[in-house]
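Read off the chains here:
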Amino acid sequence: MQDFQSDAGLHWRGIEPPLALSDYKVIAFDMDSTLIAIETLDEMADLMGKKAEVAALTEAAMRGEIVDYKQSLRQRVALLAGMPAEALDEVYDRRLTLNPGVEALIAACKAAGLFCLLVTGGFTCFTDRLRTRLGLDDVRANVLEIENGRLTGRLLPQPWGDLCDGEEKRRKLLEVCAALGVGPERAIAVGDGANDLPMLRTAGLSVAYHAKPAVRREAKVAIDQGGLDQLLRLFAARAA
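In the annotation of an unreviewed UniProt entry, the entry for the chain reads Phosphoserine phosphatase, and the organism field reads Achromobacter insuavis. Of the chain, the UniProt comment under Sequence similarities (unreviewed entry) reads exactly: "Belongs to the HAD-like hydrolase superfamily. SerB family." Per UniProt, the chain has the following entry under Pathway (unreviewed entry): "Amino-acid biosynthesis; L-serine biosynthesis; L-serine from 3-phospho-D-glycerate: step 3/3."

Next up, the structure:
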């Protein structure tokens with residue numbers, strides 16, 4: 001792909017700003033390190049004294065060095081067996097913070113009529129609260145199995161499949177576009193890791209947010225400095 005045009009930490013290629021935000025109908029976000037500033041699984045592992053082990057697997061998966069993402073995720077979740085369920089509240093309440101610009105970007109998208117979607121390999125114990133907090137329209141995420149107040153180290157299958165990986169993110173994005181009667185070229189996808197690539201390749205506008213090199217190489221837009229609301233600079237002239 002051609003070189004980026006750049007302006008103060010915002011980079012783009014293959015598009016001609018200013019764009020019109022209302023030309024798009026869907027925006028899909030990854031969660032960990034995209035909407036929020038942490039990797040929730042790593043923070044959960046930290047409470048179990050296993051952060052280094054889990055974080056190393058997370059980092060390798062995000063760089064695209066692990067071919068089987070599902071196996072990697074199950075391996076990491078298995079290391080959390082025995083964690084008290086109330087520790088999930090501690091992660092959300094004391095460790096989870098939104099990335100800068102999240103609320104401004106979502107507010108602008110909602111004002112322009114976009115459907116706001118969260119698709120993540122993370123867990124419903126966090127996404128359910130973020131959906132309410134941010135006014136998101138739909139979520140696709142994984143469910144941790146809890147028995148007798150503790151994590152079992154397993155994920156529960158759901159009606160749509162076993163777990164949400166990169167391909168499921170893509171499938172969910174296409175499902176939402178179809179339900180709205182629009183093609184994926186009218187979707188924006190935002191992510192940072194290798195398992196976001198399937199949906200980024202599918203969407204009309206792909207955005208890499210403080211992303212891994214493999215993601216930045218393919219995205220049409222890269223935000224390397226500042227918050228997610230940097231994206232609005234590509235639209236401001238015609239979206240106001």
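1. Considering the packing of helix 1 (residues 40-47) against helix 4 (residues 86-95)
Interaxial distance between helix 1 and helix 4 falls to 10 Å at its minimum, and their mutual angle equals 120°. With respect to each other, helix 1 and helix 4 are oriented oblique. Helix 1 and helix 4 meet at a crossing whose hand is right-handed. Contacts from T40, E43, M44, D46 and L47 in helix 1 reach A87, L88, E90, V91 and R95 in helix 4. Classifying every residue of the contact of helix 1 with helix 4 by side-chain character gives five nonpolar, one polar and four charged.

2. Things to note about the environment of T97
Inspection of the secondary structure puts T97 in the loop between helix 4 and helix 5 (102-111). Of the residues examined, T97 reaches a relative accessible area of 41% and is grouped as partly exposed. Residues T97 and L35, spaced 62 residues apart in sequence, show a C-alpha to C-alpha distance of 8.8 Å. Contact partners of T97, with chain neighbours within four places excluded, come to I36 and A37.

3. Some remarks on the domain arrangement of the chain
By the assigned domains, the chain splits into domain 1 (7-38 + 99-234) and domain 2 (42-94). Listed as interface residues are 28 residues of domain 1 and, on the opposing side, 25 residues of domain 2. Buried area between domain 1 and domain 2, both sides added, is near 2,300 Å², and the carbon and sulfur share of it is 67%. Considering only the side of domain 1, the residues that lose the most area to domain 2 are F126, R129 and L151, jointly responsible for 26% of the buried surface there. Remark: the boundary between domain 1 and domain 2 carries four salt bridges. Linking domain 1 with domain 2 are twelve residue pairs in polar contact (both at pLDDT 80 or more). Of all elements in the fold, only strand 4 (115-123), helix 6 (124-134), strand 5 (138-147) and strand 6 (150-156) reach the threshold of two or more residues within the side of domain 1 that touches domain 2. If one sorts the elements of the side of domain 1 that touches domain 2 by residue count, strand 6 sits on top with six residues. For the side of domain 1 that touches domain 2, the residue count by class is 13 nonpolar, seven polar and eight charged.

4. Section: the pattern of salt bridges
Overall, the coordinates contain 22 salt bridges when judged by the stated rule. Salt-bridge contacts for R129 lead to D89; the nearest nitrogen and oxygen are separated by 3.2 Å. Taken as a pair, R129 in helix 6 and D89 in helix 4 lie far apart in primary sequence, 40 residues in all. We classify D89 as partly exposed; its relative accessible area is 35%. With its nearest N and O atoms 2.7 Å apart, the salt bridge here joins R154 to E145. Residues joined by salt bridges that share partners form a network here, namely R131, D138, R140, E168, R171, K172 and E175.

5. Some details on unusual backbone geometry
Excluding glycine, residues mostly carry a negative phi; peptide bonds, for their part, are mostly trans. Cis geometry marks the peptide bond from P17 to P18, where omega comes out at 5°. Within the element layout of this structure, P18 appears in the loop between strand 2 (10-12) and strand 3 (26-29). One non-glycine residue, A8, lies in positive phi territory at about 50°. Its location among the elements puts A8 in the loop between strand 1 (5-7) and strand 2. Even without glycine at this site, H210 takes up a positive phi of about 45°. Owing to a relative accessible area of 39%, H210 belongs among the partly exposed residues under this scheme.

The rules behind each value
Residues numbered from 1 in each chain as written. Predicted model: local features only at pLDDT ≥ 70, side-chain atom pairs only at ≥ 80, totals over all residues. Heavy atoms only, no water. UniProt positions renumbered as here; feature names shortened; annotations may be inferred. Axes fitted to C-alpha atoms, helices over the stretch in contact; angles between N-to-C directions. Helix = DSSP H or I, 4+ residues; strand = E, 2+ residues; numbered from the N terminus. Parallel < 35°, antiparallel > 145°, perpendicular 65-115°, else oblique. Left-handed = near helix turned anticlockwise from the far one by under 90°. Contact = heavy atoms within 4.5 Å. Nonpolar A, V, L, I, M, F, W, Y, C, P; charged D, E, K, R; others polar. Buried < 20%, exposed > 50% of the residue type's maximum accessible area, 1.4 Å probe, protein only. Domains from an automatic or database assignment. Buried area = accessible area lost by both parts, 1.4 Å probe. Salt bridge = Lys/Arg side-chain N within 4 Å of Asp/Glu carboxyl O. Polar contact = N/O pair within 3.5 Å; in protein donor to acceptor, adjacent residues only side chain to side chain.

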